[in-house]
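Each chain is listed here by its residues.
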Amino acid sequence: MEFAAHPFSTIEWKSVEHTVHNGSTGEARWRSVEIGATRLRMVDYSAGYLADHWCTRGHLLLVLDGSLTTELDDGRVVELTAGQSYQVGTGMEAHRSSTEDGAKLFIVD
């Protein structure tokens, strides 16, 4: 990830329109802002959400609320709760996320 030269700015996330992305089960609501090639997202996963794909894009992900289960293509399973994060580079371990009770995330990719 390369953060473009960008002057100081703020984002009022409540004013950013959300888009809905259906999972295999449940849904994800994304509020996204792009700065150059960097995407910033505030994401809400509904209870019972399971991603509909294995992702190979690099992310920095921080759990703000709830809990998140992330499966890696090598069989590892990582459980994260509020205040925990993961980082993975583009093209590294493929991963997919799920949550039983819902989660709010901040993601940079």
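Because the structure is predicted, anything quoted here is derived from the model rather than measured.

1. Things to note about the layout of surface pockets
There is about 310 Å³ of room inside the largest pocket. Residue lining of the largest pocket: 19 residues in total, with Trp 30, Arg 41, Tyr 45, His 53 and Cys 55 positioned closest to the centre. Mapped by element, the contributors of at least two residues to the lining of the largest pocket are β1 (18-22), β3 (38-45), β5 (59-72) and β8 (95-99). Split into classes, the residues belonging to the lining of the largest pocket amount to eight nonpolar, six polar and five charged.

2. Observations concerning the pairing of β8
Judged by how many residues are buried, β8 sits mostly within the fold: four of five residues are covered. The sheet contact formed by strand β4 (residues 49-50) and β8 spans two bridges and is antiparallel. Looking at β8, one finds that Tyr 49 is bridged to Thr 99. Direction of pairing for β5 relative to β8: antiparallel, over a ladder of four bridges. Its bridge partner lying in β8, Leu 72 is registered against His 95.

3. Here's the deal with the nonpolar core
One finds Val 43, Tyr 45, Leu 61, Leu 68 and Leu 105 to be the most contacted residues of the largest nonpolar core, which totals 15 residues. When residues of this core are traced back to their parent elements, those giving at least two are β2 (27-35), β3, β5, β7 (85-88) and β9 (103-108). Excluding anything up to four places from it in sequence, Leu 105 contacts Arg 41, Met 42, Val 43, Tyr 45, Leu 61, Leu 62, Val 63, Leu 64 and Leu 68. Membership of the second largest hydrophobic core comes to six residues, among which are Trp 13, Val 16, Ile 35 and Val 108.

4. Topic: the packing of aromatic side chains
For the structure shown, the criterion picks out two aromatic pairs. Seen from their ring centres, Trp 13 and Phe 106 are 6.0 Å apart, and the 80° between their planes marks the pair as edge-to-face. Separated by 93 residues along the polypeptide, Trp 13 in the segment before β1 and Phe 106 in strand β9 bring together distant segments of the chain. Between Tyr 45 and Tyr 49 the ring centres are 4.1 Å apart and the planes differ by 15°, which places this aromatic pair in the stacked class. For the pair shown, Tyr 45 and Tyr 49 are each scored as buried. Directly above the ring of Trp 30 sits Arg 41, whose terminal nitrogen or CZ lies 4.2 Å from the centroid.

What counts, and where the lines are drawn
Residues numbered from 1 in each chain as written. Predicted model: local features only at pLDDT ≥ 70, side-chain atom pairs only at ≥ 80, totals over all residues. Heavy atoms only, no water. 1 Å grid on protein atoms, 1.4 Å probe; cavity = no way out; pocket = protein on both sides within 12 Å on 5 of 7 lines; lining within 4 Å. Points joined across faces, edges and corners; volume = space filled by probe spheres on them. Helix = DSSP H or I, 4+ residues; strand = E, 2+ residues; numbered from the N terminus. Nonpolar A, V, L, I, M, F, W, Y, C, P; charged D, E, K, R; others polar. Buried < 20%, exposed > 50% of the residue type's maximum accessible area, 1.4 Å probe, protein only. Pairing = 2+ DSSP bridges. Core = buried A, V, L, I, M, F, W, Y, C linked by side-chain atoms within 4.5 Å. Contact = heavy atoms within 4.5 Å. Phe/Tyr/Trp six-rings, centres within 6.5 Å; stacked < 30°, edge-to-face > 60°. Lys NZ or Arg CZ within 6 Å of the ring centre and 35° of its normal.

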